[in-house]
Amino acid sequence: MVVKLHNLVVKYMNKAIDIEEWEDIRKKYFEYSYLAFMTLCAHELKTDCTADEIDKIIGLNDIVEESILQYVMKIADSYEFISEILSIINDYEDIDINCLYQNYIAADFSVAGGEVKFEGGKDNRDILGSYYTQEEFAYEITQKAIEEFLDDNKEEIKELKIADYSCGGGAFLTAACQICNQKRINAYIYGYDVDPIAVMITRHRLHLEKGLKYKIVLGNPLLIKKNDIEPLEKFKRAEIGRFYSLEMGVASQDNVMIALGNPPWEKIRFEEKKFLMHYVDGQEIGTKEGREKYIQKISKSNKAFYHCFISDYEKAKSLIKKEGCFYESSCGELNTYAIFTEFCRNRVCNRGVIGLIVKSSLIKIPVYSACYIRACHMPLKQRRFHYVPIHG
C-alpha cells in the first residue's frame, strides 16, 4: 500500500508543482501526503464515505481545525486525489494508520530528470525524529509509569494529567487512555508534535478510544512561548519543514503527573547536505566546496528558502540555551534526547513519574551524566524522577 500511496502523491505533485521552486516542491509533497492520511482517518470512521464527505467527517470529530481543513481542501485537484486514495483503501482491510505512516516516511522524495520521485532514505524522518515505537513496548512503559505514580501517591487522585511532548502517532497516549479506562481513572491527555500528520493521527486514535479528555497540539515544545499563534500559521510552517521556526513554539502543559514518550534522538542543527539532496543531484553537492558553489548559483527564491532554515536553527538554539529549564542539557552541541528529558523533568509535578525511551549515553556521557545520576540517587520522596529498566 505504501508504494501505491507514494506513486499517487508523486503523480499529483508532478502535475501541480513548479519544479524549479524548492518551497513549492516541499509544500506539495506535504499537502498531498496530508490529504492521503486525512482520507485514511475519515474512512476508518465511515467506511462508505465519499470524497466530498471527508472534510465533514474529520471536522465533526474535531480531528483537524476548521481553518486547516478549509486550507487543505483548496489544494489542486483535492477531491479527485481523495477519490483515488479511497480506491486504494478499499483494496485493504484492517489498516494500521500509524504503522502505515511510519513506513510511508521511510522513503524520501527527490527531484530527478525534471520530476519528483520517492526513493530510499530517511532524511525527512531524521529531522522529524519520527521512529516507530512498538505498541506493546509503549504500553508496557506507560503501564509501569501509571502504576508507579499510583503506588507513590496513595491519596485519592481525581484526575491524572498525562503528557507526551513528542507524541508522534500517539502510541504512548493511546496506551495511557486504554489503561486509565481499564482502571476507571479520569485523566486529561496532552500531546505535542511538530508534524501535522502525526498530530492528526494521534487525535484520531484518541477519538476512537473515547472516555477521556485530551488536547493534542501542533508545535515544538522546546521553543517555549506564552501564547500560541493560530494553528493554520503553524501548519504553514510545518508543511514546508520549518519545524524549528520560532513561530512553531507552544505554551505546553506543565505540572503534569506523568510524562511519557520516545523523544527524537537528533542534534539540533541544519543538515545542509540532507536538505539539498531533495532537490539536487548528489554528485554536485557531495563536498562542502561543491555545495558552496551550488548555493551561489541558485535562484533568489530558493536561496531565501535555504536561508530560512539556517536562520530558524540559529534562533532556536539561541532560545533553548537561554531557557532556564534546559540548563543542564543545553551544553555543547544540542541533542534532543537530553533536552527533552530535562524538559520532562521540569514539567512533571514534585511526585511525578517520567517514562521515556532515551539513549544510554544520557548516563554515560560526562557532560550529561552527573546531573542525572544525582537525581537518580536522591531519596524517593525528594527525587523528581528515576529510571525504570525495561528488558527485552
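Structure: above.
Small disclaimer: the values here were computed from a predicted structure and weren't measured.

### So, the overall build of the protein
Turning to step 1, where the next piece is worked out: Counting its secondary structure elements, the protein contains 17 helices and 9 strands.
Turning to step 2, where the next piece is worked out: Across the 392 residues that make up the protein, the buried fraction comes to 54%.
Turning to step 3, where the next piece is worked out: In the protein, the share of contacts with a sequence separation of at least 24, taken over all contacts with a separation of at least 6, comes to 74%.
Turning to step 4, where the next piece is worked out: Working note: accessible area of the protein is about 17800 Å², and carbon and sulfur atoms make up 48% of it.

### Some details on the pairing of strand β6 (residues 220-224)
Turning to step 1, where the next piece is worked out: The element β6 is extensively covered by neighbouring structure, given that 4 of its 5 residues are classed as buried.
Turning to step 2, where the next piece is worked out: Bridge analysis of β6 against strand β7 (residues 249-250) gives 2 bridges, and the strand direction is parallel. Counted as the bridge partner of Asn220 is Gly249 from β7.

### What to know about the nonpolar core
For soluble globular proteins, the rule of thumb is that nonpolar side chains tend to be buried together.
Turning to step 1, where the next piece is worked out: Counting 126 residues, the largest nonpolar core has Trp22, Tyr34, Phe37, Met38, Val72, Leu160 and Ile162 as the members making the most contacts within it.
Turning to step 2, where the next piece is worked out: Looking at this core element by element, the count peaks at 13 residues for helix α2 (residues 22-45).
Turning to step 3, where the next piece is worked out: Beyond its immediate chain neighbours, meaning those up to four positions away, Leu160 contacts Ile146, Phe149, Cys180, Ile185, Asn186, Ala187, Tyr188, Met257 and Ile258.

### Remarks on α2
Turning to step 1, where the next piece is worked out: With 24 residues, α2 ought to run about 34 Å at 1.5 Å a step, and its terminal C-alpha atoms sit 35 Å apart, in line with that.
Turning to step 2, where the next piece is worked out: Counting buried positions over the 24 residues of α2 gives 20, a clear majority of the element.

### Digging into the sheet that holds strand β5 (residues 213-218)
Turning to step 1, where the next piece is worked out: On the basis of which strands lie adjacent, the open sheet formed by 5 strands has the order β5-β4-β3-β8-β9 and parallel pairing. Edge positions in the open sheet fall to β5 and β9 (348-356), since each of these has one partner strand only. Along the sheet, successive strands turn relative to each other by an average axial angle of 15°, direction set aside.
Turning to step 2, where the next piece is worked out: Relative to β9, helix α8 (residues 135-152) is tilted by about 160°, and along the sheet it contacts β3 (160-164), β8 (256-261) and β9.
Turning to step 3, where the next piece is worked out: The strands touched by helix α15 (residues 336-347) are β8 and β9; relative to β9, the strand with the most contacts, the crossing angle is about 145°.

### Focus: the pattern of salt bridges
Turning to step 1, where the next piece is worked out: Inspection of every chain in the model, using the stated rule, returns 22 salt bridges.
Turning to step 2, where the next piece is worked out: One salt bridge connects Lys46 with Asp48, and the closest N-O pair in it is separated by 3.0 Å.
Turning to step 3, where the next piece is worked out: Residue classification places Asp48 among the exposed positions, given a relative accessible area of 56%.
Turning to step 4, where the next piece is worked out: In this structure, Lys293 and Glu289 form a salt bridge, with 3.6 Å as the shortest nitrogen-oxygen distance. Of this pair, Lys293 and Glu289 are both found in helix α13 (residues 288-297), 4 residues apart, which corresponds to roughly one turn of the helix. Judged on exposure class, the residue Lys293 and its partner Glu289 are both exposed.
Turning to step 5, where the next piece is worked out: Overlapping salt bridges, with partners in common, bring together Glu233, Lys236, Arg237 and Glu247 in one network.

Calculation criteria
Residues numbered from 1 in each chain as written. Predicted model: local features only at pLDDT ≥ 70, side-chain atom pairs only at ≥ 80, totals over all residues. Heavy atoms only, no water. Helix = DSSP H or I, 4+ residues; strand = E, 2+ residues; numbered from the N terminus. Buried < 20%, exposed > 50% of the residue type's maximum accessible area, 1.4 Å probe, protein only. Contact = heavy atoms within 4.5 Å. Areas by Shrake-Rupley, 256 points an atom, 1.4 Å probe, with all protein chains shown as cover. Pairing = 2+ DSSP bridges. Core = buried A, V, L, I, M, F, W, Y, C linked by side-chain atoms within 4.5 Å. Expected span 1.5 Å × (residues − 1). Axes fitted to C-alpha atoms, helices over the stretch in contact; angles between N-to-C directions. Salt bridge = Lys/Arg side-chain N within 4 Å of Asp/Glu carboxyl O.

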